[in-house]
Amino acid sequence: MRFFLFSLLFVVTTLTASVVQREPWPQGESFLHYLEHRGLPQSIYWDLDREDQELCEEIRAGVPYYEMYDDNGTVLEQVLIPINDELQIHLKRQKDGSYTFEMIPVAYQVVTDRFALPVERSPYQDIIAATNNRALAHAFVDAFKNSFDFTRLRKGDTVAVVYKEKMRMGRPYGLPTIEAALIKTRKKAHYLFRFKDRYYDEKGREVEGFVFRKPVNHVRITSRFTLRRYHPVLKRYRAHLGVDFGGRTGTPIYAAADGRIVYAGRLGGYGKVIKIRHRDGFLTLYAHMSRFRKGMRKGKWVKKGQVIGYIGSTGMSTGPHLHFGLYKNGRPINPLGVIKVTKKTIYGKTRKEFLRFAQAMKGELETAVASNARPIRLDDLSKTRYCIDEEVSFCDANATRIGG
């Protein structure tokens with residue numbers, strides 16, 4: 001059964017500004033550069049605490065952000081800039097002309113769908129043809145690439161999918177998530193299930209293919225990963241898109257996996273930073289270094305376990321530590337869920353939990369195949385647009401204005 005999960009809070013207010021612009025965040029643009037280009041005071045950035053300054057370095061190139069201007073299109077009234085799929089920067093102009101900065105949740109609609117398709121050309125091409133959703137096709141292939149040889153597929157075989165898609169202001173937001181999938185050939189059914197952010201086959205064996213090592217030895221974790229949490233004392237939303245390892249200045253930092261350095265230099269609140277791009281869409285970030293190891297520069301290939309630099313306290317830092325970030329296809333993920341992970345089988349109570357989940361998802365997939373369930377097309381999802389930003393009088397230019 002197709003169903004929808006809503007996480008929307010509609011704002012019932014009268015809009016006083018009517019000009020809204022949606023633009024992709026420029027490549028190489030920092031939040032400080034943005035303030036300068038818009039003629040906004042840079043004190044907005046410099047007055048932030050360490051954690052919020054770090055978050056401002058996480059704005060991804062290409063992510064859509066929104067600006068709201070007054071009726072004349074000259075005075076910038078509000079800005080929404082996503083930091084990740086859960087939190088966004090909100091700038092708002094006050095009556096005295098100053099601007100406030102806050103982190104607020106991103107309001108979005110989550111659509112869950114299931115479908116089955118006969119293989120005509122390839123799963124990638126067939127999913128695009130049926131859904132008009134290239135990101136979904138890529139997610140399907142990416143999920144199976146370490147456990148299934150697609151050259152074995154023949155015309156008439158079957159693929160089935162249960163997935164979730166975030167929608168914001170009538171457009172896809174973030175990347176679709178494959179919850180369960182099936183490739184049914186003439187001889188065998190191959191299942192895949194997403195459980196605790198990792199993919200497993202029906203016997204509970206992990207099928208992820210990439211293994212990372214810990215970037216530092218004999219140090220303690222001082223701050224853990226979170227996309228969004230509400231701080232009960234500060235009464236505000238916080239996020240920490242990585243793991244902090246506390247250690248003495250000069251402690252060696254190791255490359256977590258083979259890859260090529262794509263950035264080595266200073267980066268705002270992160271201080272001295274190295275970024276390494278790995279295969280399968282992974283990227284690692286190492287921040288607050290005291291110094292780089294000699295020869296570490298953009299374009300250099302490094303091996304897993306190779307020393308790339310040393311722990312320090314550069315940038316906005318209260319003490320020597322390594323901020324370690326891990327990204328998959330540009331999205332931050334929890335490094336502690338991947339570090340030192342090898343292919344393994346689930347055991348004990350967790351296995352019982354997995355088997356219950358897998359059985360339920362298996363039923364969804366088999367029902368989709370039996371009923372020949374057709375997918376939702378992305379263009380059908382995008383026909384209706386709403387004002388959906390929590391506690392902000394903010395609409396897409398073509399949106400249905402709720403209460404406006």
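See above for the structure.
Residues numbered from 1 in each chain as written. Predicted model: local features only at pLDDT ≥ 70, side-chain atom pairs only at ≥ 80, totals over all residues. Heavy atoms only, no water.

**Student:** Is there a simple way to think about the overall build of the protein chain in this case?
**Tutor:** Within the protein chain, the secondary structure is distributed over seven helices and 24 strands. For the protein chain, contacts bridging at least 24 residues in sequence account for 66% of all contacts bridging at least 6. Accessible surface for the protein chain amounts to roughly 19,300 Å². Of this, 49% is attributable to carbon and sulfur atoms. (Helix = DSSP H or I, 4+ residues; strand = E, 2+ residues; numbered from the N terminus. Contact = heavy atoms within 4.5 Å. Areas by Shrake-Rupley, 256 points an atom, 1.4 Å probe, with all protein chains shown as cover.)

**Student:** Can you walk me through the packing of aromatic side chains in this structure?
**Tutor:** To describe a pair of aromatic rings, you give the distance between the ring centres and the angle between the ring planes. Applying the stated criterion to the full structure yields 18 aromatic pairs. Look at Phe195 and Phe354: their rings are 5.4 Å apart centre to centre, the planes differ by 75 degrees, and that puts the pair in the edge-to-face class. With a gap of 159 residues between them, Phe195 in strand 11 (residues 189–195) and Phe354 in helix 6 (residues 348–371) connect regions that are remote in the sequence. Grouping residues by exposure puts Phe195 and Phe354 together as buried. Taken together, the aromatic side chains of Tyr191, Phe193, Phe195, Tyr200, Phe354 and Phe357 make up a single cluster linked through ring pairs. Between the NZ or CZ atom of Arg213 and the centre of the ring of Tyr254, over which it lies, the distance is 4.5 Å. Sitting over the ring of Tyr310, Arg291 keeps its end group 4.1 Å from the ring centre. (Phe/Tyr/Trp six-rings, centres within 6.5 Å; stacked < 30°, edge-to-face > 60°. Buried < 20%, exposed > 50% of the residue type's maximum accessible area, 1.4 Å probe, protein only. Lys NZ or Arg CZ within 6 Å of the ring centre and 35° of its normal.)

**Student:** Which parts of the structure should I look at to understand helix 4 (residues 123–131)?
**Tutor:** Working note: α-helix, 3.6 residues per turn, so residues spaced by three or four point in the same direction. Within helix 4, the full set of buried residues consists of Pro123, Asp126, Ile127, Ile128 and Thr131. Directly after helix 4, the chain includes Asn132, whose backbone phi takes a positive value near 60 degrees.

**Student:** Explanation requested: the side chain of His288 in the structure shown.
**Tutor:** Examined against the element boundaries, His288 turns out to sit in strand 20 (residues 282–292). The residues contacting His288, other than those within four sequence positions of it, are Glu54, Gly269, Tyr270, Lys272, Ile311, Gly312, Ser313, Thr314, Met316, Ser317, His321 and His323.

**Student:** I'm lost on unusual backbone geometry in this one. Help?
**Tutor:** Leave glycine aside and you will find that most residues have negative phi; peptide bonds, for their part, are mostly trans. Although it is not a glycine, Asp280 sits at a positive phi angle of roughly 60 degrees. Secondary-structure assignment places Asp280 in the loop between strand 19 (272–277) and strand 20. Although it is not a glycine, Asn329 adopts a positive phi angle of roughly 55 degrees. Residue position: Asn329 is located in the loop between strand 23 (321–328) and strand 24 (331–333).

**Student:** Before we go on, may I ask you to explain the packing of helix 4 against helix 5 (residues 134–144) in this structure?
**Tutor:** When two helices pack together, their arrangement is captured by the angle between the axes and the distance separating the axes. It is at 8 Å that the axes of helix 4 and helix 5 come closest, and there the two elements cross at 150 degrees. Regarding the angle of helix 4 to helix 5, the classification is roughly antiparallel. In this structure, the crossing between helix 4 and helix 5 has a hand that is right-handed. For the pair formed by helix 4 and helix 5, the contact residues are Pro123, Tyr124, Ile127, Ile128 and Thr131 on the first element and Arg134, Leu136, Ala137, His138, Phe140 and Val141 on the second. Classifying every residue of the contact of helix 4 with helix 5 by side-chain character gives eight nonpolar, two polar and one charged. (Axes fitted to C-alpha atoms, helices over the stretch in contact; angles between N-to-C directions. Parallel < 35°, antiparallel > 145°, perpendicular 65-115°, else oblique. Left-handed = near helix turned anticlockwise from the far one by under 90°. Nonpolar A, V, L, I, M, F, W, Y, C, P; charged D, E, K, R; others polar.)

**Student:** Where do I start with the pairing of strand 23 in this structure?
**Tutor:** Working note: regular strand, side chains alternate between the two faces of the sheet. Judged by how many residues are buried, strand 23 sits mostly within the fold: eight of eight residues are covered. Relative to strand 23, strand 16 (residues 243–246) is paired through four bridges, and the arrangement is antiparallel. Counterpart to Gly246 in the pairing with strand 23 is His321. Bridge count for strand 20 against strand 23 is six bridges, and the pairing is antiparallel. Counted as the bridge partner of Thr284 is Leu326 from strand 23. Of the pairings in the sheet, the one linking strand 23 to strand 24 comprises three bridges and is antiparallel in character. Across the sheet, the residue bridging to Lys328 is Arg331, located in strand 24. Between the end of strand 23 and the start of strand 24, which pair antiparallel, lie two residues, with Asn329 showing a positive phi angle near 55 degrees. (Pairing = 2+ DSSP bridges.)

**Student:** How should the nonpolar core be read in this particular structure?
**Tutor:** The nonpolar side chains of a soluble globular protein tend to be buried with one another. Formed by 53 residues in total, the largest nonpolar core has its most connected members in Phe31, Tyr34, Ile89, Leu91, Tyr286 and Ile308. With sequence-adjacent residues up to four places away left out, Phe31 is seen in contact with Trp25, Ile44, Tyr45, Cys56, Ile59, Ile81, Ile89, Leu91 and Phe101. Formed by 22 residues, the second largest nonpolar core is a distinct cluster that contains Ala139, Ala143, Val159 and Ala181. (Core = buried A, V, L, I, M, F, W, Y, C linked by side-chain atoms within 4.5 Å.)

**Student:** Whenever I open this one, the sheet that holds strand 5 (residues 87–93) confuses me. Can you help?
**Tutor:** In any sheet, the strands associate via hydrogen bonds between backbone groups, in a parallel or an antiparallel arrangement. Overall, antiparallel pairing links the five strands, which are arranged 2-3-4-5-6 in an open sheet. At either end of the open sheet lies a strand with only one pairing partner, and these are strand 2 (19–24) and strand 6 (99–105). Pairwise comparison of adjacent strand axes, ignoring direction, gives a mean angle of 15 degrees for this sheet. Relative to strand 6, strand 5 is paired through seven bridges, and the arrangement is antiparallel. When the bridges of strand 6 are listed, Lys92 appears paired with Thr100.

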